[in-house]
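# Observations on the three-dimensional arrangement
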Amino acid sequence: MSATHISFLRQLGPQDADALLGLLRRRQVARNQSILRAGAAGDEVVLLLGGRIKLVAYGADRREVVLGLRGPG
């Protein structure tokens, strides 16, 4: 995948962007599947290469609160 279409990677030099892409463990995630969870170890980073994600938190009453929507980057 070319780094030129993802604005985050365009901020890096071409060699750095290619090196980062080479280190990724790519996976596809089904709609409504969690990627990261609150309370997890915090040792993962997500670089979204395509699609959109919804960032949510849950209130005391388990009501979903949308924190934001994000696209590639």
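Attention here is on the structure that accompanies the text. Everything quoted here is computed from the prediction, not taken from an experiment. (Residues numbered from 1 in each chain as written. Predicted model: local features only at pLDDT ≥ 70, side-chain atom pairs only at ≥ 80, totals over all residues. Heavy atoms only, no water.)

## What about the overall build of the chain?
- Scanning the chain from N- to C-terminus turns up two helices and two strands.
- In the chain, the succession of helices and strands from N to C terminus is α-α-β-β.
- Taken over C-alpha atoms, the radius of gyration comes to 15 Å for the chain, far larger than the 11 Å a tight globule of 73 residues would show.
- If one aligns the C-alpha atoms of the chain with their principal axes, the spans along those axes are about 45 × 25 × 20 Å.
- Counting over 73 residues, the chain shows a buried share of 12%.
- Counting contacts in the chain only where the partners sit at least 6 residues apart, residues at least 24 apart contribute 24% of the total.
- By element, 51% of the accessible surface of the chain is carried by carbon and sulfur atoms, the whole surface being about 6300 Å².
- Both charge centroids of the chain, one from 11 positive and one from 6 negative side chains, sit 9 Å from each other. (Helix = DSSP H or I, 4+ residues; strand = E, 2+ residues; numbered from the N terminus. Rg over C-alpha atoms; globule rule 2.2 N^0.38 Å. Buried < 20%, exposed > 50% of the residue type's maximum accessible area, 1.4 Å probe, protein only. Contact = heavy atoms within 4.5 Å. Areas by Shrake-Rupley, 256 points an atom, 1.4 Å probe, with all protein chains shown as cover. Lys, Arg positive; Asp, Glu negative; His and termini not counted. Charge placed at Lys NZ, Arg CZ, Asp CG, Glu CD.)

## Some words on the pattern of salt bridges
- Tallied over the entire structure, the rule returns two salt bridges.
- In this structure, E64 engages K54 in a salt bridge whose closest nitrogen and oxygen atoms are separated by 3.0 Å. Placement of E64 in strand β2 (residues 64-70) and of K54 in strand β1 (residues 53-58) is noted, with a sequence separation of ten residues between them.
- The exposure class assigned to K54 is partly exposed, which follows from its relative accessible area of 45%. (Salt bridge = Lys/Arg side-chain N within 4 Å of Asp/Glu carboxyl O.)

## Points about the pairing of β2
- Across six bridges, the pairing between β1 and β2 is antiparallel. Its bridge partner lying in β2, L55 is registered against G68. (Pairing = 2+ DSSP bridges.)

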